[in-house]
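An overview of the molecular structure
The primary structure of each chain is shown beneath.
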Amino acid sequence: MNKLPEHVAIIMDGNGRWAKQKGKQRFIGHKKGAKAVREVIEVAAEQQIKFLTLFAFSCDNWNRPEEEVSLLMKLLVSSLKKEFNHLIENNIQLKTIGDLNKLSLTVREELYHVIEKTKKNTGMVLTLALNYGAQEEITNAVKAIADKVKNNIISPEKVDQSTINEHLYSRFLPPVDLLIRTSGEERISNFLLWHIAYAELYFTKTLWPDFSKENLLEALINFNKRERRFGKTSEQLTN
Ligand code: FPP
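Description of the structure in this document. It should be emphasised that the depicted structure is a prediction, and the values quoted were computed from it without experimental measurement.

Let us now look at the site of the ligand. Of all residues adjacent to the ligand, which total 17 residues, the nearest are D13, G16, R17, R26 and R64. A distance of 2.7 Å separates an oxygen atom of the ligand from a polar atom in the backbone of R17. Between the ligand and the protein, one listed contact pairs an oxygen atom with a side-chain N or O atom of R64 at 2.8 Å. Burial of the ligand by the protein amounts to 90% of the accessible area it has alone, namely 610 Å². For the shell around the ligand, the secondary-structure elements that each account for two or more residues are helix 1 (15-21), helix 2 (26-46) and helix 3 (66-89).

This next bit is on unusual backbone geometry. Phi angles above zero are rare outside glycine, and N131 is one such case at about 45°. With respect to the element layout, N131 can be found in strand 4 (residues 125-132). By relative accessible area, N131 is classed as buried at 6%. Its identity as a non-glycine residue notwithstanding, S189 has a phi of 50°, on the positive side. The residue S189 is located in the loop between strand 5 (178-181) and strand 6 (200-203) in this model.

Once that is clear, we can look at the nonpolar core. In this structure, I10, L52 and I180 are the most contacted members of the largest nonpolar core, which totals 42 residues. Listed by contribution, the elements that provide at least two residues to this core are strand 1 (7-11), helix 2, strand 2 (51-58), helix 3, helix 4 (105-118), strand 4, strand 5 and helix 7 (213-224). The contact partners of I180, leaving out residues within four places of it in the chain, are V8, A9, I10, I11, Y202, F211, L216 and A219. F51, F55, I97 and V176 belong to the second largest nonpolar core, which has 16 residues in total.

Let us now look at the pattern of salt bridges. Counted under the stated rule, the structure contains 15 salt bridges. Across the salt bridge formed by E83 and R38, the nearest N and O atoms sit 3.0 Å from each other. Here E83, found in helix 3, pairs with R38, found in helix 2; they are 45 residues apart in sequence, far enough to count as distant. Of the residues examined, E83 reaches a relative accessible area of 14% and is grouped as buried. Assessed through its relative accessible area of 34%, R38 is described here as partly exposed. Among the salt bridges present, the one from R229 reaches E227, with a minimum N-O distance of 2.7 Å. Since its relative accessible area comes to 38%, E227 is described here as partly exposed. Residues joined in a network through salt bridges with shared partners are D13, R17, R181, E185 and R187.

Parameters at a glance
Residues numbered from 1 in each chain as written. Predicted model: local features only at pLDDT ≥ 70, side-chain atom pairs only at ≥ 80, totals over all residues. Heavy atoms only, no water. Near = heavy atom within 4 Å. Polar contact = N/O pair within 3.5 Å; in protein donor to acceptor, adjacent residues only side chain to side chain. Areas by Shrake-Rupley, 256 points an atom, 1.4 Å probe, with all protein chains shown as cover. Helix = DSSP H or I, 4+ residues; strand = E, 2+ residues; numbered from the N terminus. Buried < 20%, exposed > 50% of the residue type's maximum accessible area, 1.4 Å probe, protein only. Core = buried A, V, L, I, M, F, W, Y, C linked by side-chain atoms within 4.5 Å. Contact = heavy atoms within 4.5 Å. Salt bridge = Lys/Arg side-chain N within 4 Å of Asp/Glu carboxyl O.

Written out as structure tokens, the structure reads:
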């Protein structure tokens, strides 16, 4: 593959449907989904993807039954504990986007621990979107900028795209090159709205727990065939 995406973002969808198809409880789908997360991280790192961002828990996911939310949080903590060595061995740096304050202390402590221990790693940056919503993120950025304007720290004429970018949780992320969503749904669901301006979108019917190495490679091969023009003509790109 001669064109690799620098930043791959994934909306991991279909855990519940996967479980239902198998006559199992939703949580079993999430558990199998956590295994798919492991495989995808491994393959993305192997393929030299520089940034992998996973939509793990949205602001709206708090509306799920309390028991499911609590099991998802427990699964997050146990996965962080289990995968810690794997992240270290593979030189992967863990980061998060979203408002972590709403997460329990146990979850936050585990996250901070892994973030701290992996912060000097120089390989792939793995970002988990947790209690994340892009509209909330942009709203917070606008508020922070408005506040700076009010206090004469920034003049309104100086506000440009980089000012907005610098005030996002996701300011350390480059633009998304490839956005993958599993399970056949073709929606963005409030994920990384600022960063997907020129992203290539890839929708697959595969349910997240079934998403494997082959599925990720297929998405990368598909990306490789796309012509990204960024507003230019095809002829300009070949000249
Ligand atoms: C979507 O399936 C998935 C989620 C809400 C969260 C993603 C969580 C995991 C993959 C589990 C572990 C994650 C980490 C980071 C260790 P859904 O429940 O919306 O499925 P449905 O649409 O079929 O009901």
